[in-house]
Amino acid sequence: MTDSKYFTTTKKGEIFELKAELNSDKKEKKKEAVKKVIASMTVGKDVSALFPDVVNCMQTDNLELKKLVYLYLMNYAKSQPDMAIMAVNTFVKDCEDPNPLIRALAVRTMGCIRVDKITEYLCEPLRKCLKDEDPYVRKTAAVCVAKLHDINAQLVEDQGFLDTLKDLISDSNPMVVANAVAALSEIAESHPNSNLMDLNPQTINKLLTALNECTEWGQIFILDCLANYTPRDDRESQSICERVTPRLSHANSAVVLSAVKVLMKFMEMLPKDLDYYGTLLKKLAPPLVTLLSAEPELQYVALRNINLIVQRRPEILKHEMKVFFVKYNDPIYVKLEKLDIMIRLASQANIAQVLAELKEYATEVDVDFVRKAVRAIGRCAIKVEQSAERCVSTLLDLIQTKVNYVVQEAIVVIKDIFRKYPNKYESVIATLCENLDSLDEPEARAAMIWIVGEYAERIDNADELLESFLEGFHDESTQVQLQLLTAIVKLFLKKPTETQELVQQVLSLATQDSDNPDLRDRGYIYWRLLSTDPVAAKEVVLAEKPLISEETDLIEPTLLEELICHIGTLASVYHKPPSAFVEGSRGVQHKRLPGSTESGESESPDTTSAAAVSDAPPAVIPSQGDLLGDLLNLDLTPPTTTGPPPPASSGMQMGAMDLLGGGLDSLLGGDLGGSPAIGAGFGAPPAAMPASFSAPVSGGLDDLFDLGGGVGMPMGAYSAPKTVWLPAMKAKGLEISGTFARRSGVIQMEMTLTNKAMSVMTDFAIQFNRNSFGLAPAGPLQVLTPLNPNQSIEVTLPLNTVGPVMKMEPLNNLQVAVKNNIDVFYFSCQYPISMLFVEDGKMERQVFLATWKDIPNDNEAQFQIKDCHLSSDAASNKLQGSNIFTIAKRTVDGQDMLYQSMKLTNGIWVLAEMRVQAGNPVYTVSLKCRAAEVSQWVFQSYEAVLKN
């Protein structure tokens, strides 16, 4: 009879009966009772009252009964920790049982009991099992270490289990090796900086030896671990590739994808002229093709990964186009993914095949699929120039079918073809105009309006066509309204005499009757342009447009590199880095392909360029409320003078600006809305924060006049080393690292701009948000030559302190917007307050004494600087280099007292008393300032200057 009978009884008083059965002398009755308890537990009944009785059943030789009791124990140990301790002795005993299955079962259950009180009792049994003679017990114990580390990491480290785990990598049994690797990887993932997986050629060799004999999941653990290794040279890289290649023919698709990941990564190190490189490319195609004969869900995962591989190395699958042709019974998600890959692989050699296939798809019944197929034809035309004519005729054939959604998609893609090949296919415009009435989707209507406006001189009744759209202007979507406004202005500039009434009508609709700010602003700009300088208007509105690029939906190169390192994981399916969807305490490491470091900077093989980023201060992502909200006050056009701002331009002078250029510089330049004038300094000092420090003893300030100066020659000002402010991952390939310095009385922002994208970067501009001390660029960002891919450039930006002021949190936070030809990027950085210490910050002695007494004691803060081994004179010299001036010095009981002053750019004075005792590495600094919150940042500057 099956065990289902245990789930059918629901009698009253059952717990009492079970208790009696559990304490029975008969083994069979005991076993039946435990099965009933487990059944009740499984269906959600609370049987925790039976805990002591079930635990008593542990003392048995029957493996089945022991398994059941352990199952019960795992479930209830957390809610009954005091009772669970009763089971410890049995665990210890079972870990020494002659039967390896029982030893392994005991150690497995130990790892699953997540109770702090018990863990320390389990260390000894675990240590024995890690060195057990039976590999089955060792492999189970290896996983137990990872589980124990999750509960109590400190205990695992103190007991030396991590070293034992590292030793297991050299074990003779491949399954033990695989589990040791899995456990170490798991621990290393939750502690990214622990450097647990110390991979070297000897370890790699052991892993590769174990790879051939492991189970499939063991192979995956080992392959994933290999993917984190950076080979020393191309020979080692080739050797690893040769030993991993046989895994490509494995039946488990997860093993295949893990092997592909390792090979894709190590191929980066191989010279392309190497014979083996070509062989490897050929070997990678068949396993990927085989994955596409699996069930649809697996196919989808494979296709998402292939999409990444094709973007990185299209040559791998360039001859395999046919396997991506859609089958009639493919689910829609597989069809759409295949379509995407077909376009990526399209080339002059296979375009005829692809177009025939796409034309077929466009007659399918699935609307989403048909739309994507029509768009794909347009993308092929843009990608393969030789096929453009054939694509256009295919699209015209599809328009003749008069299927509404096909016609609309075709018009959208024909607009893009016109942008790519101007003055080539305009003969088809007449056919497009015939279908004007059937267009009801905003994107298609906007595309058609653009075509009419752009080629108005070739369409006799262009004014009538656009007028027909104007009748329902307020019912149209914003996209259509904007396009219609621009098209009618274009028409007016081409045929001014016939369309004056039409342009006035559209301008009044856009500016007076619309409540959409984008539309109103564009309307006003056109109105001013046309009324002041029609010649300039023509140059702006009818300017020659740049050709559109071939592939607009490629993944950004730095993100693609990271995703290649995550092939076979969720990241490769989502096409997002793990940090975008993994939450919690685990540190997500950014992975990079080998050889993708900045040009001109050598790196040690074991550190990836992402490691450099991880040490940088955390970038503050601007929230809607702070940075973006203040962008209306930004003007990213370079300032022409460093003096007061010029008066706001009148609307008439504005007309000549290229306000349709679309960059933030043009949109925000010119002060349309009257942005706030430059801030007038820091204003009244902020309210003092409650004193959280005990006021120090103020020693004999009245004697200051009798003191000797004791101040030597000053050293140069300290500036911190550069850190990464804007990682390339967040700025489409632009990386900015920098620091602040004060040189000859000028505050400077010293930056290194690195282009890690594939396209050239130009047109750089920079702007700061309002900040605590009014920091602002004193001139434009001088990037005089285009920044080519993989090139770095050093830039120094002089700053002044006459910008708008707003108190920031923290006080020295600076929010920055940087614009280039690609986009506008935002980042935050923190400047050292010492940059703001001015050169005339030395107070007269009498003034110092009077001011010190005048500032309330509540505003006095005391700090300690530890591990400082400078003499008082050396410290004084060092500080004077950063404009912290020693006014006087005296010695009391072998302790040097330095009295110092500094002045911030906004006129705030900070007074200091620093105590230095010979032989004592701890300095005491007392600071007094009317704006008390400045003190902690001044102390940080003291610490930075003295310790560097």
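Residues numbered from 1 in each chain as written. Predicted model: local features only at pLDDT ≥ 70, side-chain atom pairs only at ≥ 80, totals over all residues. Heavy atoms only, no water.

## Re the overall build of the protein
Phase 1 of the analysis: Across its full length, the protein carries 38 helices and 13 strands.
Phase 2 of the analysis: Within the span of the protein, comprising 948 residues, buried residues form 51% of the whole.
Phase 3 of the analysis: The contacts of the protein with a sequence gap of at least 6 include a subset with a gap of at least 24, amounting to 68%.
Phase 4 of the analysis: Surface summary for the protein: the accessible area is close to 43500 Å², and the carbon and sulfur share equals 51%. (Helix = DSSP H or I, 4+ residues; strand = E, 2+ residues; numbered from the N terminus. Buried < 20%, exposed > 50% of the residue type's maximum accessible area, 1.4 Å probe, protein only. Contact = heavy atoms within 4.5 Å. Areas by Shrake-Rupley, 256 points an atom, 1.4 Å probe, with all protein chains shown as cover.)

## A short note on the side chain of Asp171
Phase 1 of the analysis: As for its placement among the helices and strands, Asp171 is situated in the loop between α11 (161-168) and α12 (174-190).
Phase 2 of the analysis: Separated by 2.8 Å, the side chain of Asp171 and the backbone nitrogen of Asn173 make a polar contact.
Phase 3 of the analysis: Excluding residues within four positions of it along the chain, Asp171 makes contact with Arg138, Val176 and Val177. (Polar contact = N/O pair within 3.5 Å; in protein donor to acceptor, adjacent residues only side chain to side chain.)

## Digging into the packing of helix α26 (residues 462-470) against helix α28 (residues 500-511)
Phase 1 of the analysis: The contact between α26 and α28 brings their axes to 11 Å, and the two run at 25 degrees. Here α26 is positioned roughly parallel relative to α28, judged by the angle of their axes. As α26 packs across α28, the resulting crossing turns out to be left-handed. Residues Asp463, Glu467 and Leu470 of α26 form the contact with α28, whose participating residues are Leu502, Gln505, Val506 and Leu509.
Phase 2 of the analysis: Its residues placed into classes, the contact of α26 with α28 shows 4 nonpolar, 1 polar and 2 charged. (Axes fitted to C-alpha atoms, helices over the stretch in contact; angles between N-to-C directions. Parallel < 35°, antiparallel > 145°, perpendicular 65-115°, else oblique. Left-handed = near helix turned anticlockwise from the far one by under 90°. Nonpolar A, V, L, I, M, F, W, Y, C, P; charged D, E, K, R; others polar.)

## Remarks on the packing of aromatic side chains
Phase 1 of the analysis: Evaluated as defined, the whole model comprises 13 aromatic pairs.
Phase 2 of the analysis: Geometrically, the ring pair formed by Phe418 and Tyr455 is edge-to-face, given 5.4 Å between the ring centres and 75 degrees between the ring planes. Taken together, the positions of Phe418 in helix α23 (residues 404-420) and Tyr455 in the loop between α25 (442-454) and α26 put the pair 37 residues apart, joining distant regions of the chain.
Phase 3 of the analysis: The buried category is assigned to Phe418, whose relative accessible area is 2%.
Phase 4 of the analysis: Ring centres of Trp725 and Phe740 lie 5.3 Å apart, and the angle between their planes is 40 degrees; on these two criteria the pair is classed as tilted. Of this pair, Trp725 sits in strand β1 (residues 723-726) while Phe740 sits in strand β2 (residues 734-743), placing them 15 residues apart in sequence. (Phe/Tyr/Trp six-rings, centres within 6.5 Å; stacked < 30°, edge-to-face > 60°.)

## Brief notes about unusual backbone geometry
Phase 1 of the analysis: Residue Pro810 is reached from Glu809 by a cis peptide bond, and omega for that bond is -5 degrees.
Phase 2 of the analysis: Within the element layout of this structure, Pro810 appears in the loop between β6 (792-800) and β7 (813-819).
Phase 3 of the analysis: The residue Lys402 is not glycine, and still its phi comes out positive at about 60 degrees.
Phase 4 of the analysis: Its identity as a non-glycine residue notwithstanding, His575 has a phi of 60 degrees, on the positive side.
Phase 5 of the analysis: With respect to the secondary-structure elements, His575 resides in the loop between α32 (570-574) and α33 (609-614).

## Observations concerning a negative patch on the surface
Phase 1 of the analysis: A cluster of acidic residues, Glu464, Glu467, Glu471 and Glu501, forms a negative patch at the surface.
Phase 2 of the analysis: Relative to the helices and strands, Glu467 resides in helix α26.
Phase 3 of the analysis: A relative accessible area of 39% places Glu467 in the partly exposed class. (Patch = residues over 30% accessible without salt bridge, like charges linked within 9 Å, V, L, I, M, F, W, Y side chains within 5 Å. Salt bridge = Lys/Arg side-chain N within 4 Å of Asp/Glu carboxyl O. Lys, Arg positive; Asp, Glu negative; His and termini not counted. Charge placed at Lys NZ, Arg CZ, Asp CG, Glu CD.)

## Overview of the environment of Leu879
Phase 1 of the analysis: Within the secondary structure, Leu879 sits in helix α37 (residues 872-880).
Phase 2 of the analysis: With 45 residues separating them along the chain, Leu879 and Ser834 place their C-alpha atoms 9.8 Å apart.
Phase 3 of the analysis: Apart from the residues within four sequence positions on either side, Leu879 is in contact with Ile884, Gln900, Met914, Tyr942, Val945 and Leu946.

## So, the environment of Ala180
Phase 1 of the analysis: Locating Ala180 in the fold gives a position in helix α12.
Phase 2 of the analysis: Given the relative accessible area of 0%, Ala180 is considered buried.
Phase 3 of the analysis: Along the primary structure Ala180 and Ile169 are separated by 11 residues, whereas in three dimensions their C-alpha atoms are 6.1 Å apart.
Phase 4 of the analysis: The residues touching Ala180, leaving out its near neighbours within four places in the chain, are Ala142, Leu165, Leu168 and Ile169.

## Details of the pattern of salt bridges
Phase 1 of the analysis: Under the defined criterion, the tally for this structure stands at 37 salt bridges.
Phase 2 of the analysis: Salt-bridge contacts for Arg313 lead to Glu315; the nearest nitrogen and oxygen are separated by 3.9 Å.
Phase 3 of the analysis: According to the relative accessible area criterion, Glu315 is partly exposed, its value standing at 28%.
Phase 4 of the analysis: Each of Glu268, Arg312, Arg313, Glu315 and Glu561 takes part in a single network of salt bridges with overlapping partners.

## Structural notes on the sheet that holds strand β8 (residues 824-830)
Phase 1 of the analysis: Overall, antiparallel pairing links the 3 strands, which are arranged β4-β7-β8 in an open sheet. The open sheet has two free edges, formed respectively by β4 (765-768) and β8, since each of these has just one partner strand. Across the sheet, the mean angle separating the axes of adjacent strands is 25 degrees when strand polarity is ignored.
Phase 2 of the analysis: Pairing of β4 with β7 involves 4 bridges; the strand directions are antiparallel. Looking across to β7, one finds that Ala765 is bridged to Lys819. (Pairing = 2+ DSSP bridges.)

## As for the nonpolar core
Phase 1 of the analysis: Ranked by internal contacts, the top residues of the largest apolar core, which has 212 residues, are Tyr72, Leu126, Leu317 and Phe418.
Phase 2 of the analysis: Of all hydrophobic cores here, the second largest spans 63 residues; its members include Phe768, Leu775, Leu787 and Phe827. (Core = buried A, V, L, I, M, F, W, Y, C linked by side-chain atoms within 4.5 Å.)

## Thoughts on helix α13 (residues 201-211)
Phase 1 of the analysis: Among the residues making up α13, those that are buried are Thr203, Ile204, Leu207, Leu208, Ala210 and Leu211. Buried residues in α13, looked at end-on, bunch into an arc of 160 degrees, giving them a common side.
Phase 2 of the analysis: Those residues of α13 that are buried are in contact with α12, α14 (216-226) and α15 (234-244). (Arc of directions from axis to C-beta.)

## Digging into the sheet that holds β1
Phase 1 of the analysis: One open sheet holds the 5 strands; their spatial order is β1-β2-β3-β6-β5, and the pairing between them is antiparallel. Two strands close off the open sheet at either side, each with one partner strand: β1 and β5 (776-777).
Phase 2 of the analysis: The pairing of β1 with β2 spans 3 bridges and is classified as antiparallel. Residue pairing for β2: Val724 is matched across the bridge by Ser737.

Honestly, it's all geometry; don't read function into it.
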